Amino acid sequence: MKPPPFAYARAAGVPEALALLRDAGEDAKILAGGQSLVPLMAYRLARPSHLVDIGRITTHRYVRGDGGGLRVGALVRHLELERATGLTGPWQALREAAGRIGHHPVRVRGTCGGSLAHADPSAELPVVAAALDASVTLQSADGTRTVPAADFFLAPFITALEPDEMLVEVAFPAPPPGLRSVFEEFQVHSGDFALASAAVAVALDGDGVATHVRVALGSVGPVPVRAREAEEALTGGRLTERAAAEAARLAASAAGAAAGSSAASGEVPGGGADFRRELVRTLVTRALDRLKEKS
Amino acid sequence: MNETGSRQDPWLPPLDPVTVELDVNDSLVTCTVEPRRTLADALRGAGLTGTRLGCEHGVCGACTVLLDGRPVRACLVLAVQARGSRIRTVEGLSGEREEPTGPGEYEGNGENGEPGGGARLSDVQRAFRDGGALQCGFCTPGFLMLAQGLLADEPDASAERVTDVLSSNICRCTGGVPIVSAVRAVQRARKEAGS
Amino acid sequence: MNHRTPSVGTSTPRRGVDDLLTGRARYAADLDRPGQVHVRVVRSPLAHGRIAALDTAEALALPGVLAVYTADDLPDVRIPVRLPFAETAETPPLLQPPLARGTVRYVGEPVALVVAEDPYTAEDAAELVDVDIDDLDVAATMAAATAEGAPRLHESSPDNTVSTVSLRHGDVEAAFSRADVVVRERLTMHRHTAVPMETRGLLAEYEPATGLLTLWGGAKVKHFTRQALGAMLGLGPERVRVVEVHVGGGFGVRGEPYPEDFLVPFAAMRLGRPVKWTEDRAEHFVATNHAREQEHEWEIAATSDGRLLAFRDRAWCDQGAYVRSQGILPGLLPALHAAGPYRWEAFAVDSTGVLTNRTPTGTYRGPGMTEATFARERALDLLAAELGLDPAELRRRNLIPAAAMPFAFDAPEQPHVPPVRYESGDFPASFETLLDAAGYEALTRERQRLRRSGRLAGVGLAPYVEIGAVGPFEEAFVEAADDGTFTVRTGVSSLGQGVETVLAQIAADALSVPFEDVTVDFSDTTAVPMGFGAFASRSTLLAGNAIALAARDLLAKAAAEVGGDPGEVRFDRGTVRGPGGATAPAGRLPAGHGRFDKPHPGFSFGAALSLVTVDAATGAVRVLRHAVLHDVGRAVNPELVRGQLAGAASQGIGGALLEELVYDEQGQPLSTSFGDYLMPTAADLPEIDVFVVEYPTPTNPLGLKGAGESGMVGTPAAVANAVADALGAAARPVTRLPLTPGNVRELLRGTPSPQATTVHP
């Protein structure tokens, strides 16, 4: 389980990283925290020709508000998000999800940008990105472009990133008034890949009526799945137990449809499709219950 | 192998060993490694074999070391990535928060004519020993470093948090529960000592 | 020195622990020899096929590669069976060659060996060995292997079975015809295994000048390994030295002779350079023995008042693709443990080893007995439910009473089958001790409380017997030195259990000298007597008694020197003193020698008790309380034995709830990482309550019984019974492990679940 050979360069800043990336060609990979890439190399399932190490870049290690929205630099460690006590209300799901990634030592090294770019179907942060309508900023030596999360994740481990591009930031738009989000996940035991996850965001008006709802699911399809029927069912009503149960049922059927649409939905032991659907139902129920409780 | 053209090629070629200087336990450790060599392998190659390899894919935690004060899997860090970081391994743990052992207190093992090898044990090591938190000892250095990092970073961690963090590593002999108890005992002792 | 407090019975701090805490301890991968090279095993990517071509040219051309060996380079040898009673007429043609000869039979089977200057290059080169395999039909499960028209794994076995162990006691048909109640169930234990944190590792060095081969890293049965290697490599066993180093857990799988134990020394001899091999984790999951997979068709006959009459157990035990060094133990051991601690009038057991295209199996802590206990105790709980009887009461009414000891079932004697004979103990009293100490009544009240609050909660029990003290014998020598110290040499092994501490305690007491003055040495086959190794909970018992005898012999030799009876001589700082005042330097005494023979294994009693909750919505099982009790005969070091029991129970919980070696229908292993094979951690486990009872056995002078594995044996059964109790009669019965959330949900599916749509507690 020794990694195959590769050329290595450490970049001091983003421009240098982008130059190295272009120089290295199609089979190069960015090395950030390395918590997903290095194990794949140990199993020789990934064989990059070049690694561009961006781990020391300091300019993209920020979490900052931006006109009500939130910008997170690619090199923010999961541990930093987990400990960012200011991430409440609309950003609560982000903090909760970060705290569920791998084990503690993995969260010490792993980066936000790395997790998104890796696009593992069972990863946590892509689900949050989907629920909070995030977009990612992709930069190359030629310039930058912004891609909504919905268009970024294409298939398991495949994204809209070009070989010479680097994901430099994820941006969350200013939330509708009163938005709150939570993250729920089921792992057989802590640190494992999730069998199912759900990021749920709801904005309630003064009367407790949902004005904006997002239900995003992980580990149930090739990419994060939006449970749109569940969102529509909840929008315009109160978060009653009955409404939550119905939304959870709709979310489970969305999960089932997503699983059916792809054979490569991230095989995790002990996770048959029926079971994942049941888990989605439970997780969405629990998430909505938490959102209701606080209102 | 690549054609970057500049005189100062930024690329370390795949199969050419390079000299890497690492700051390990406050000493300079120089190793000559290919870029692909993991930090765990580099440390072990430098004779620091207390950092053990149990899975090489970042799950078991036997290779846990402190990198800039925080626990990481040394099998998931390349040696070249660790340049410029402070690394602590189990070999640097003795002497931390040591206490002189009183007469009659069990200190060394007396085995093979090496009465304890002269090293004093840290409070975490002593708590592991006294709490039955090890059997075969293979996972022990990784757990010690994980515990060391946690206790320094979050001295007031709740019982639940201690269990959660210590569940990052696997102990096949004890299951890990006695390790949690040992770390909780250190927390209490440090609190009582007011440190 | 005259009136020392005995060391035996005290929790003397374990020796050598500082080396483990400081990282100084050296495990196999930590050893280096000057000029060493590294090997990598090329393994079959397919479960069954014929090797059409093997091209090593590209690998050999890689810089840094020294050699690539295939089966053609090797003598035509097989890894032999270690225990005579585990070998049958059927086993010789089913043994594994070190490298596949013509046919591959499981994914991971060694097909070639690459030698290179460093492990990274060796792995690169191994990928370049081109193995062309024409695939054959695969028997990926026991069902597939025993079906009509199944692909045949070995010429010598047309039905893909190894051999069948049959035990008969009493008149089964008559007992069943008298039964008021008959319960039948098919119970399946899944494939899982020991997975020690240290993978296997070896370092071999051959000195042509002396013809001496040294192998570092072989633990557990090093004398057998020496003998086997001597024969296979064409060296006399006296030319082979096996040195044990620190070991990161054994649990049955480490230290058996494996293909690599031949390949590594073979390469060292061929190349004339030290050769090192460190198994990696992905290899470990396909190369090191698997264990446990069995199916039992159980049938119990009982009276309406809960008296057990008879049982039938038709068992199918997975051997994997070859018979390995443990021979037919995967099928034999469950047969010996089917009856357990109960007074049956009659039984019939037929246990068949089945060959499948998967990694071969061997023993894992509590082998055979854990599987048999799971099947029997699950069946007994089904019977208790049928009778409307409390599960504890059903056991209580049927445990063999103390007055019946020693107890033997009157099964006719057969070759290969040790007698099932219980030497001593008080099963009913021990069982009550567990119920009282762990608070069975309180746990059942707690269960009711949890149920009233809407949770699924259950209590499960599992008494068992455990085989131990497997012979044939151990020897020991005790030498005195003029500096006042004593050296004990014995042939057992240390696998991280602290056995060196326990043996020093026994020697110190037998000599009436301080514990600190005694050193135990067993690490090197040239320095220690013949020995049989560390398995079947035997080390303390066999070596301990041999040491006690050797110490007595040393005292007798001292008495011959200084006068008086052996009981009257005293060692005092390097001098031996007789009762009349005569003295002699201790170092002048010849070594004391002792040998303890154990022609038949012994059995000891234990029981496990578990309280669990199940999250109905997710199927997640949580073990809230878990208690294990075992009769150890006599606890030499109570803390160490408790640690062994608690650790074994923790492994048992992992096996019951998480761990499984999964294969697809093509025999491809799906559990080759810790992401797929889930190991228990602190968050998954409760603190284990351990209760040690001591009913010394009269069959050895120290009164000891085996204990190292016992926390395992009843644990999966108790957890399974507790989960079944929690799920209730509306769910499908628990008939197979592991009880992962997905599997538990499957049992619950279709039943009204109180929580499926309600909120998180």
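Residues numbered from 1 in each chain as written. Chains lettered and ligands numbered in written order. Predicted model: local features only at pLDDT ≥ 70, side-chain atom pairs only at ≥ 80, totals over all residues. Heavy atoms only, no water.

Another point: the overall build of chain B. Looking only at helices and strands, one finds five helices and five strands in chain B. Starting at the N terminus, the α and β elements of chain B follow one another as β-β-α-β-β-β-α-α-α-α. In chain B, 54% of the contacts between residues at least 6 apart in sequence involve partners at least 24 apart. Carbon and sulfur atoms make up 46% of the accessible area of chain B, which totals about 7,500 Å². (Helix = DSSP H or I, 4+ residues; strand = E, 2+ residues; numbered from the N terminus. Contact = heavy atoms within 4.5 Å. Areas by Shrake-Rupley, 256 points an atom, 1.4 Å probe, with all protein chains shown as cover.)

Within the largest apolar cluster, 152 residues are counted, with the highest numbers of intra-cluster contacts made by Leu 217 of chain A together with Trp 344, Leu 383, Tyr 422 and Leu 727 of chain C. Each residue touching Trp 344 of chain C, except ones within four places of it in the same chain, is listed here: His 169, Trp 298, Ile 300, Leu 308, Leu 309, Ala 310, Phe 311, Ala 339, Arg 376, Leu 380 and Phe 409 of chain C. Core analysis: the second largest hydrophobic core is formed by 56 residues, Ala 62, Phe 138, Leu 150 and Leu 166 of chain B among them. (Core = buried A, V, L, I, M, F, W, Y, C linked by side-chain atoms within 4.5 Å. Buried < 20%, exposed > 50% of the residue type's maximum accessible area, 1.4 Å probe, protein only.)

Now for the interface of chain A and chain C. Facing the 24 residues of chain A at the interface are 32 residues of chain C. The largest per-residue losses of area from chain A upon contact with chain C belong to Met 1, His 189 and Arg 286 of chain A, which jointly make up 23% of the total buried on that side. The interface formed by chain A and chain C holds eight salt bridges in total. The salt bridge partner of Arg 745 of chain C is Glu 278 of chain A, with a shortest N-O separation of 2.8 Å. The interface formed by chain A and chain C includes 13 residue pairs in polar contact (both at pLDDT 80 or more). Looking at the side of chain A that touches chain C, the element that brings in the most residues is helix H11 (residues 273-294) of chain A, giving nine residues. Class assignment for the residues of the side of chain A that touches chain C results in eleven nonpolar, four polar and nine charged. (Buried area = accessible area lost by both parts, 1.4 Å probe. Salt bridge = Lys/Arg side-chain N within 4 Å of Asp/Glu carboxyl O. Polar contact = N/O pair within 3.5 Å; in protein donor to acceptor, adjacent residues only side chain to side chain. Nonpolar A, V, L, I, M, F, W, Y, C, P; charged D, E, K, R; others polar.)

This brings us to helix H3 (residues 119-128) of chain C. Counting buried residues along H3 of chain C, seven of its ten residues qualify, which places the element largely inside the surrounding structure. Buried within H3 of chain C are the following residues: Tyr 120, Thr 121, Ala 122, Glu 123, Asp 124, Ala 125 and Ala 126 of chain C. At its buried positions, H3 of chain C is contacted by helix H2 (37-42) of chain A, helix H1 (39-45) of chain B together with strand E1 (37-43), helix H2 (57-61), strand E3 (65-70) and strand E5 (110-116) of chain C. Between a side-chain oxygen at the N-terminus of H3 of chain C and the backbone nitrogen of Tyr 120 of chain C the separation is 2.9 Å; the capping residue is Asp 118 of chain C.

Turning our eyes to something else, we now look at empty space enclosed by the protein. Residue and element names in this part refer to chain C. Per the counting criterion, the structure on display carries twelve cavities of 30 Å³ or more. Its volume calculated, the second largest cavity comes out at about 110 Å³. In this structure, the second largest cavity is lined by 16 residues; those nearest its centre are Arg 200, Gly 201, Leu 202, Gly 217 and Arg 254. Split by residue class, the lining of the second largest cavity holds six nonpolar, five polar and five charged. (1 Å grid on protein atoms, 1.4 Å probe; cavity = no way out; pocket = protein on both sides within 12 Å on 5 of 7 lines; lining within 4 Å. Points joined across faces, edges and corners; volume = space filled by probe spheres on them.)

In this assembly, 49 residues from chain B lie in contact with 56 residues from chain C. Between chain B and chain C, roughly 4,100 Å² of surface is buried when both sides are summed, and carbon and sulfur atoms account for 54% of that area. The tally of links from chain B across to chain C stands at five salt bridges. The closest approach of N and O atoms between Arg 172 of chain B and Glu 659 of chain C, which form a salt bridge, is 2.7 Å. For the pair chain B and chain C, the interface holds 21 residue pairs in polar contact (both at pLDDT 80 or more).

The next thing to look at is the confidence of the model for chain C. For chain C, per-residue confidence averages 93 on the pLDDT scale, and 96% of positions sit at 70 or higher. The low-confidence segment residues 753-761 of chain C (pLDDT under 50) makes 17 contacts with residues lying over four places distant or belonging to another chain. (pLDDT = per-residue confidence, 0-100.)

The next point concerns the domain arrangement of chain B. All names here are of chain B. Taken domain by domain, chain B holds domain 1 (18-92) and domain 2 (120-193). Its C-alpha centre places domain 1 at a distance of 21 Å from the equivalent point of domain 2. Both faces considered, domain 1 and domain 2 share a buried interface measuring about 1,200 Å² in area, 60% of it formed by carbon and sulfur atoms. Its largest share of buried area at the contact with domain 2, domain 1 owes to Arg 52, Thr 64 and Val 90, together 34% of the area lost on that side. In this assembly, domain 1 and domain 2 are joined by one salt bridge. When the shortest N-O distance is used, the salt bridge between Arg 70 and Asp 153 registers 2.9 Å. Summed over the shared surface of domain 1 and domain 2, the number is eight residue pairs in polar contact (both at pLDDT 80 or more). Within the residue set of the side of domain 1 that touches domain 2, elements represented by two or more residues are strand E3 (64-67) and strand E4 (70-73). For the side of domain 1 that touches domain 2, a count of residues per class yields eight nonpolar, six polar and four charged. (Domains from an automatic or database assignment.)

Next up on the list: the pairing of E3 of chain B. Residues and elements named next belong to chain B. Every second residue of E3 is oriented toward a common face, with Thr 64 and Leu 66 on one face and Val 65 and Leu 67 on the other, all of them buried. With four bridges connecting them, E3 and E4 associate as antiparallel partners. For Thr 64, the partnering residue across the bridge sits in E4 and is Arg 73. Linking two consecutive strands that pair antiparallel, namely E3 and E4, is a turn of two residues; a positive phi of about 50° is found at Asp 68 within it. Looking at chain direction, E3 and strand E5 (residues 86-88) are connected through two bridges and run antiparallel. Each residue of the ladder has a partner; that of Leu 67, found in E5, is Ile 87. (Pairing = 2+ DSSP bridges.)

Mapped onto the elements, Thr 193 of chain C comes out in the loop between strand E8 (181-189) and strand E9 (201-207). Exposure remark for Thr 193 of chain C: the relative accessible area of 3% places this residue in the buried category. Once you skip the residues sitting within four places of it in the chain, Thr 193 of chain C turns out to touch Arg 172 of chain B together with Val 253, Asn 289, His 290, Ala 291, Tyr 364, Glu 659, Leu 661 and Tyr 677 of chain C.

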